[in-house]
Amino acid sequence: MDFDSPYAEVIGAHPNRATGEPILSVSWRPAIEGRPGFIHGGVIAGLLEMSCYEALAHEFRGTGLPKVKPINIAVDYLRGGLMTETHALAQIVRIGKRVANASALCWQDDRSKPIATARMHILIDRQG
Amino acid sequence: MTELLDSSSLKRLMAGHAGEIGLRRVDHGDDWAELAFDYDPRLAMNAANGVLASGPIISLIDSASGLAIAAKIKTVRPMATLDLRIDYVRAAPPGRAITARATCYKVTRSVAFVRCVAHDGDPADPIAHSLATFFFTGD
């Protein structure tokens, strides 16, 4: 995110370049709690969606990100999100003329044990 | 159902993130529930244009969908979202409250199926459609 994003600030999402990948991370805070003791499913989905944009921006680094719009997202919740640091990273599976397909992963302590995954379609408006 | 919605477990569900984005209950019926939140520039994805991030809309849909299940089974059971798919059918211009009406159309012993429509004033002109499944934890 190279722009001022109030929502990212509300949930505490920030870029994490520890591995050089376009990872977004969120530290635990009461503002993201859903059912007691767990992160709200909407926050996890929101983070996954932002990680798809982050990965797309990473693909377009150099030329700059065209105007994009979300088409849809499908999230699978695999484990409850505990009160700890949470990370999300997306792979851009394909970039077409009009549509990008992204596949995202959300994890906490162990990257091999994701707490949620998502597939997302993003509309690319190269004229805009 | 009124007592149900006043129960302490439900109040806790409406605290935390739901409280942070200002979720409020609009109405509910036998198998449906409606939640809404007012426009707040703090919930914008990009401060430059003020357009809402999808995160709060997903949180709204997730919470409304869970509440529709409570409305259908007339009790609050511990549950978790299994999957959630959202179609963003049109962009929501900044400034308007977003309302989500979720309908729980089937409950089995361990799974509940919910569809939900979100709009910004006119239910006939939605901004998003969703399908979600939840499973009951514990018991």
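Residues numbered from 1 in each chain as written. Chains lettered and ligands numbered in written order. Predicted model: local features only at pLDDT ≥ 70, side-chain atom pairs only at ≥ 80, totals over all residues. Heavy atoms only, no water.

Draft legend 1. Representation of the overall build of chain B in the model. A count of helical and extended segments in chain B gives 4 helices and 6 strands. The C-alpha radius of gyration of chain B comes to 15 Å, within 12% of the 14 Å expected for a compact globule of 139 residues. The principal-axis extent of the C-alpha atoms belonging to chain B is close to 50 × 30 × 25 Å. Relative to its 139 residues, chain B shows a buried fraction of 47%. (Helix = DSSP H or I, 4+ residues; strand = E, 2+ residues; numbered from the N terminus. Rg over C-alpha atoms; globule rule 2.2 N^0.38 Å. Buried < 20%, exposed > 50% of the residue type's maximum accessible area, 1.4 Å probe, protein only.)

Draft legend 2. Structural context of the overall build of chain A. When its secondary structure is counted, chain A shows 2 helices and 6 strands. Shown N-terminal to C-terminal, the secondary structure of chain A runs as helices and strands in the order α-β-β-α-β-β-β-β. Computed over the C-alpha atoms, the radius of gyration of chain A is 14 Å, within 12% of the 14 Å expected from 2.2 N^0.38 for a compact globule of 128 residues. Judged by the C-alpha coordinates and their principal axes, chain A covers about 45 × 25 × 25 Å. When burial is assessed residue by residue, chain A has 50% of its 128 residues classed as buried. By sequence separation, contacts in chain A at least 24 residues apart represent 62% of the contacts at least 6 residues apart. (Contact = heavy atoms within 4.5 Å.)

Draft legend 3. Spatial organisation of the side chain of A:Glu33. All names here are of chain A. With respect to the helices, strands and loops of the structure, Glu33 is situated in the loop between strand 2 (23–26) and helix 2 (41–59). Among the residues examined, Glu33 registers a relative accessible area of 17% and is labelled buried. At a separation of 2.8 Å, a polar atom in the side chain of Glu33 contacts the main-chain amide nitrogen of Gly37. (Polar contact = N/O pair within 3.5 Å; in protein donor to acceptor, adjacent residues only side chain to side chain.)

Draft legend 4. Spotlight on the interface of chain B and chain A. Taken together, the contacts link 31 residues of chain B with 31 residues of chain A. One can count 0 salt bridges joining chain B with chain A. Counting across the interface, chain B meets chain A through 14 residue pairs in polar contact (both at pLDDT 80 or more). If you list the elements that add at least two residues to the side of chain B that touches chain A, you get helix 2 (8–13), helix 3 (16–20), helix 4 (54–73) and strand 3 (79–88) of chain B. (Salt bridge = Lys/Arg side-chain N within 4 Å of Asp/Glu carboxyl O.)

Draft legend 5. Layout of the side chain of B:Asp120. All names here are of chain B. Residue placement: Asp120 occurs in the loop between strand 5 (111–119) and strand 6 (128–136). Engagement of the side chain of Asp120 in a polar contact is seen with the side chain of Arg90, the distance being 2.7 Å. Setting aside residues up to four positions removed in sequence, Asp120 forms contacts with Arg90, Ala92, Pro93, Arg96, Ala97, Ile98, Asp125 and Ile127.

Draft legend 6. Region of interest: the pattern of salt bridges. Inspection of every chain in the model, using the stated rule, returns 12 salt bridges over all chains. With its nearest N and O atoms 2.8 Å apart, the salt bridge here joins A:Glu54 to A:Arg17. Here A:Glu54, found in helix 2, pairs with A:Arg17, found in the loop between strand 1 (13–16) and strand 2; they are 37 residues apart in sequence, far enough to count as distant. The exposure class assigned to A:Glu54 is buried, which follows from its relative accessible area of 7%. Put simply, B:Asp120 and B:Arg96 hold a salt bridge, and the shortest N to O gap is 3.3 Å. Placement of B:Asp120 in the loop between strand 5 and strand 6 and of B:Arg96 in the loop between strand 3 and strand 4 (98–107) is noted, with a sequence separation of 24 residues between them.

Draft legend 7. Layout of the UniProt feature "domain: Thioesterase" (unreviewed entry) in chain A. Annotation from UniProt places "domain: Thioesterase" (unreviewed entry) at residues 37–113 of chain A. Along residues 37–113 of chain A one finds 25% helix and 39% strand; the C-alpha atoms at either end are 19 Å apart. (UniProt positions renumbered as here; feature names shortened; annotations may be inferred.)

Draft legend 8. Seen up close, the packing of helix 2 of chain A against helix 4 of chain B. It is the contact of helix 2 of chain A with helix 4 of chain B, at a shortest axis distance of 8 Å, that shows an interaxial angle of 150°. Between helix 2 of chain A and helix 4 of chain B lies a crossing of right-handed hand. Contacts between helix 2 of chain A and helix 4 of chain B involve A:Gly41, A:Gly42, A:Val43, A:Ala45, A:Gly46 and A:Glu49 on the former and, on the latter, B:Ser54, B:Gly55, B:Ile58, B:Ser59 and B:Asp62. Of the residues assigned to the contact of helix 2 of chain A with helix 4 of chain B, the class counts are 3 nonpolar, 6 polar and 2 charged. (Axes fitted to C-alpha atoms, helices over the stretch in contact; angles between N-to-C directions. Left-handed = near helix turned anticlockwise from the far one by under 90°. Nonpolar A, V, L, I, M, F, W, Y, C, P; charged D, E, K, R; others polar.)

Draft legend 9. Molecular detail of helix 2 of chain A. Here helix 2 of chain A is 19 residues long and its end C-alpha atoms lie 27 Å apart, about the 27 Å a rise of 1.5 Å per residue gives. Among the 19 residues in helix 2 of chain A, 16 count as buried, and that is most of the element. (Expected span 1.5 Å × (residues − 1).)

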